[in-house]
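Residues per chain are reported as follows:
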Amino acid sequence: MLTYDRYVVASSLAEVFDILDAHPASRILAGATDILPWARYGRAGDVHLASVIDISKVPEFKYIRQSGNDLSFGAMTTIADFQNNSILREHAPVLAQCAVWFADDQIREQATVGGNVVNASPAGDSQPALLALNASVKLIRRENGSLLERSIPLEEFIHGPGKTAMLHKELVLGFECDSMRACGSAYEKVGHRRSLVISTVCLAVIAKAASNKSSLADIRIGIGAVGPVPKRLVDLEKALIGREITGELVHQIAEQASEFVNSRSRHEYRREVLVNFVERGIISAINQSGITVARFGEEQICA
Ligand SMILES: Cc1cc2nc3c(=O)[nH]c(=O)nc-3n(C[C@H](O)[C@H](O)[C@H](O)COP(=O)(O)OP(=O)(O)OC[C@H]3O[C@@H](n4cnc5c(N)ncnc54)[C@H](O)[C@@H]3O)c2cc1C
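My aim in this report is to walk through the structure given alongside it, one point at a time.

Procedures and definitions
Residues numbered from 1 in each chain as written. Predicted model: local features only at pLDDT ≥ 70, side-chain atom pairs only at ≥ 80, totals over all residues. Helix = DSSP H or I, 4+ residues; strand = E, 2+ residues; numbered from the N terminus. Expected span 1.5 Å × (residues − 1). Buried ≥ 20, exposed ≤ 12 C-beta atoms within 10 Å, placed from the backbone. Contact = placed C-beta atoms within 7 Å. Pairing = 2+ DSSP bridges. Axes fitted to C-alpha atoms, helices over the stretch in contact; angles between N-to-C directions.

Quick word on helix α12 (residues 267–289)
Here's step 1: Across its 23 residues, α12 extends 32 Å between first and last C-alpha, which sits within 8% of the 33 Å expected from 1.5 Å per residue.
Here's step 2: For α12, every residue scored as buried is listed here: R270, V273, L274, F277, V278, E279, G281, I282, I283, A285, I286 and S289.
Here's step 3: Considering only its buried residues, α12 is in contact with β11 (184–191), β12 (199–209), β13 (216–224) and α11 (247–255).
Here's step 4: Backbone geometry just downstream of α12 places G290 in the positive-phi region, at approximately 115°.

Here it is, written out as structure tokens:
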């Protein structure tokens, strides 16, 4: 069970830093959907914290903005916002596709993207989608009274399970991404059971067709849960861009994805699923982007 001496619902970023200065060991709490299950028998057990800072009412963490090709949103953006916010739905539909697989309605209302990324679980579902959006993590800290901000690409922010580049008394303010409006996208996930499931493999793909509608101008493939950190499959992306897209090409490229499985458990299963997800995800995203292509084998049946 989680207990604490002090629980403060902060109302501004300045107040958060004031409390952090006064109580440097304070724990940040956003939606509490990771912290509460963590403090229980079988995981961290009974946890007593001296000070908890609830940031759910801090306006500086709550924003969703888009300008030109840039999309940004605050750390307190919830997984329900992924589904419901019109800007995110238009400029990053892969987030809504990810949210469908994320927990249930009740958790999605509470769970934040900031908490999901800071928790740095290898099975964190937002991560492949954020990678495909080229997300950078916007961090903020206060030193000698001055606010200092920095941005780190998500891939460099997550160092391993539960480990990030965040400094002591530093906070995730939000995320900066590319707008991927009018692109095709897909999200795939599998776990031990049908719902409320931890990912065994998850994948996000975003594809942009070239003007000839037979090749790709851009494709991003993010994978999660198959190793300690999420990854972009950059070499596979490069092998697809600019070439005439056929089901056979996608099939051949997808086969190479098996080498990116770096988990000790269920290794062969994950390899097989990842290859299939990569192929299916690419085909689905490409078809939404305006290029018509059938999955290899399905073409042959049609012929
Ligand atoms: C029933 C259930 C189902 C779930 N299903 C899924 C699922 O399908 N997919 C999935 O990926 N996860 C799932 N989760 C895990 C969890 O919901 C997510 O990881 C969620 O996004 C965490 O966000 P939160 O706001 O609740 O984080 P919190 O629990 O509030 O915080 C998590 C960590 O992040 C830190 N933190 C939070 N915000 C900030 C910030 N802005 N700056 C610095 N540090 C911060 C906290 O100190 C803490 O260490 C599930 C959890 C439950 C209970």
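Some points on unusual backbone geometry
Here's step 1: Of note, the phi angle at N134 is positive, near 60°, even though the residue is not glycine.
Here's step 2: On the secondary structure map, N134 appears in the loop between α8 (126–132) and β6 (136–143).
Here's step 3: Even without glycine at this site, N144 takes up a positive phi of about 50°.
Here's step 4: Its place among the elements puts N144 in the loop between β6 and β7 (146–153).
Here's step 5: Taking the number of C-beta atoms within 10 Å as the measure of exposure, N144 has 5 and is therefore exposed.

Remarks on the sheet that holds strand β10 (residues 171–178)
Here's step 1: Taken in spatial order, the five strands line up as β4-β5-β10-β6-β7 in an open sheet, and their pairing is antiparallel. The open sheet has two edge strands, β4 (64–67) and β7, and neither has a second partner. Here the strands of the sheet are splayed against their neighbours by 20° on average, with no regard to which way each runs.
Here's step 2: Judged from the four bridges that link them, β4 and strand β5 (residues 70–74) form a sheet pairing that is antiparallel. Bridge pairing in β5 places S67 opposite D70.

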